[in-house]
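Okay, here's what each chain looks like letter by letter:
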Amino acid sequence: MISFYGRCLAFLVVYLFAAQYVSVCAGSFHKDVQIHWGDGRGKILDNTGNLLSLSLDKFSGSGFQSHQEFLYGKVEVQMKLVPGNSAGTVTTFYLKSPGTTWDEIDFEFLGNISGHPYTLHTNVYTKGTGDKEQQFHLWFDPTVHFHTYCIVWNPQRVIFTIDGIPIREFKNSESVGVPFPKHQPMRLYASLWEAEHWATRGGLEKTDWSKAPFTAFYRNYNVDACVWANGKSSCSANSPWFTQVLDFKGKNRVKWAQRKYMVYNYCTDKKRFPQGAPPECS
């Protein structure tokens, strides 16, 4: 069987000789992203481009974006979140297309007062409409060590994983009239910003600016995805994520995570959906 690195080398050769759409290998912050806002608050911290920090103070947050756009892929990074009193802060890692009818796939970490857990907020937008939130309290402290957060996005599903454990699967339910993000290429983003009006207990807990600057760290940025170029794309059939499904063990892990750690699920919100859950929830 051809190794992952062997496939990446083959794809690179194809690109150099044919200028075709290729798969991207494990990356470097230096060559694969740009810190596109924050006026110096985002920094690449090593020569190899493996470690990056984003900071937030009372004047501004910061963020980075990938140079390339993707239509399907597996994107992951390791993150260590703001420690201590992080109320009002939001640390993110997500995919998003441009425009007013955008697609988006979110990991958002909502800070909290010291001693209380972060809330992991996940969502999927299609054509500018989201409202598909699931939220979790994690089974570890995400501020002590780096943990790996991954999005698998293929034509049939979106899978969110943490340290290889799937916590959510959003399936393509176009057959029952539910839009699915499959037509718009998306860029990869990360940010640290202030949202004290809603992020922590609905805005009840405000940001303690005496603790600023707040800093989160990102490392081991890794993308194995289809790069959108010249209005088209093509993906290698050898990419396992392109047809990835959850096996019996994976489905049980999702059930475990949702049973023990989920704190909000739009599918069970009867106030929002008094006539019954959306069709993709069945």
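Predicted, not measured: the structure shown is a model, and the values here were computed from it.

1. Comments concerning the pattern of salt bridges
Applying the stated criterion across every chain, the model contains 8 salt bridges. A salt bridge links E174 to K182; its shortest N-O distance comes to 3.3 Å. The class for E174 is partly exposed, based on a relative accessible area of 33%. When salt bridges that share partners are traced, they join D131, E133 and R272 into one network.

2. Looking at the state of the cysteines
Tallied over the entire structure, the rule returns 1 disulfide. Between C267 and C281 runs a disulfide, and the two sulfur atoms are separated by 2.0 Å. The disulfide joining C267 to C281 has a torsion of about -75° about its S-S bond and is therefore left-handed. Taken as a pair, C267 in the segment after β14 (262-265) and C281 in the segment after β14 lie far apart in primary sequence, 14 residues in all. Distance from the sulfur of C150, which forms no disulfide, to the nearest cysteine sulfur (C226) is 14 Å. Owing to a relative accessible area of 3%, C150 belongs among the buried residues under this scheme.

What counts and what doesn't
Position numbers for residues count from 1 along each chain, tracking the sequence in the order it is written. Under the rules for a predicted model, residues below a pLDDT of 70 receive no local features and side-chain atom pairs below 80 are neither given nor counted, while totals for whole chains, interfaces and linings still include all residues. Working from all heavy atoms in the structure, the side-chain values ignore hydrogens and water. We define a salt bridge as a contact between a side-chain nitrogen of Lys or Arg and a carboxyl oxygen of Asp or Glu at a distance within 4 Å. Type-normalised accessible area, obtained with a 1.4 Å probe on protein chains alone, sets the label of each residue: buried when under 20%, exposed when over 50%, and partly exposed for intermediate values. Disulfides are defined as pairs of cysteine sulfur atoms found within 2.5 Å of each other. A helix here means a DSSP run of H or I that spans at least four residues, while a strand means a run of E at least two residues long, and both kinds are numbered starting from the N terminus.

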